[in-house]
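Summary of the model geometry
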Amino acid sequence: MDESARYFEMAAKTLDTYGQPSKESYFNAGMTYMQMRNMRKAEKNLKMAVKIEPLFRPAHIKLASLYRDIGNPTKIQRHLQYAIQISPNLPDAYMYLADTYNNLKQFALAIEQYNKALALSNHPDAIATIACNLGDTYFNLKQTSNALESYSMGKSQEQASPSAQSCSIIGYLYAA
C-alpha cells in the first residue's frame, strides 16, 4: 500500500493537458492513506483534490469520513454540507450528516436530515438503512411509536438485502 500511495502522489503531480495536477490521483492517494490509517497524509491528499476542484464531491465525502474517524464534527459537517450543495439530490451526504447529528445528540437535526435522505432514496437497501437509523434516533428520544414506525418502514423493504433489513428487524423487536 505504501508503494501504491507513492505512485498515486507521483501521478497527481503530473500535469494534465490543461496544466492542472490530477485531482483523481490525489483522491486515490488519500483513500490509500486512509486504508493505511495514516490520517495526516490522507487529509493532505484529499485537501489537495478539493483545492484543485472545489466541486469534487467524492473528496468532500471522504474528508467527512476522515474527520469522523479522527473526531472532528465541525469539519464533518462542513464537508457534508459542501457535498449537499454540489449535489442536493443525492441522499448519502444527508444520511452521513444525520448520523453526525445523531452522534452529537442533536436529534431534531438528525431526524430532519434522515427524512431528507429518505425522500431522495429509491434503493431498498438505502431506505432500510436510513429507516433503521431514523428509528434509532426516535428510540434515543424515547419516542417509541415513531421508532416502531421507522423500523417498520425499514423491515418492509422486501427487495433489501438481509443485512440491510436486519437492523430494522432487530430495532423493531427491541422497541416493541
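Basis of the calculations
Residues numbered from 1 in each chain as written. Predicted model: local features only at pLDDT ≥ 70, side-chain atom pairs only at ≥ 80, totals over all residues. Heavy atoms only, no water. Helix = DSSP H or I, 4+ residues; strand = E, 2+ residues; numbered from the N terminus. Expected span 1.5 Å × (residues − 1). Buried < 20%, exposed > 50% of the residue type's maximum accessible area, 1.4 Å probe, protein only. Arc of directions from axis to C-beta. Core = buried A, V, L, I, M, F, W, Y, C linked by side-chain atoms within 4.5 Å. Contact = heavy atoms within 4.5 Å.

**Remarks on helix H9 (residues 144–155)**
For H9, which comprises twelve residues, the first-to-last C-alpha distance of 16 Å matches the rise-based estimate of 16 Å (1.5 Å per residue) to within 8%. Along H9, the positions that sit buried rather than exposed are Ala147, Ser150, Tyr151 and Gly154. The arc that holds the buried residues of H9, viewed along the axis, is 100 degrees, so those residues lie on one side. In H9, the exposed positions that point more than 90 degrees away from the buried face belong to Ser145 and Glu149.

**A few points about the nonpolar core**
By size, the foremost hydrophobic cluster in this structure holds 39 residues, and its most contacted members are Leu66, Leu80 and Tyr114. Those elements giving two or more residues to this core turn out to be helix H2 (23–35), helix H3 (39–52), helix H4 (57–70), helix H5 (73–86), helix H6 (92–103), helix H7 (107–120), helix H8 (124–140) and H9. Ignoring any residue separated from it by four or fewer positions in sequence, one finds Leu66 in contact with Met34, Met39, Ala42, Glu43 and Leu46.

**Considering H8**
In a regular helix each residue adds 1.5 Å, so 17 residues correspond to 24 Å; H8 covers 24 Å between its end C-alpha atoms and thus fits that length. Backbone geometry just after H8 places Lys142 at a positive phi near 65 degrees.

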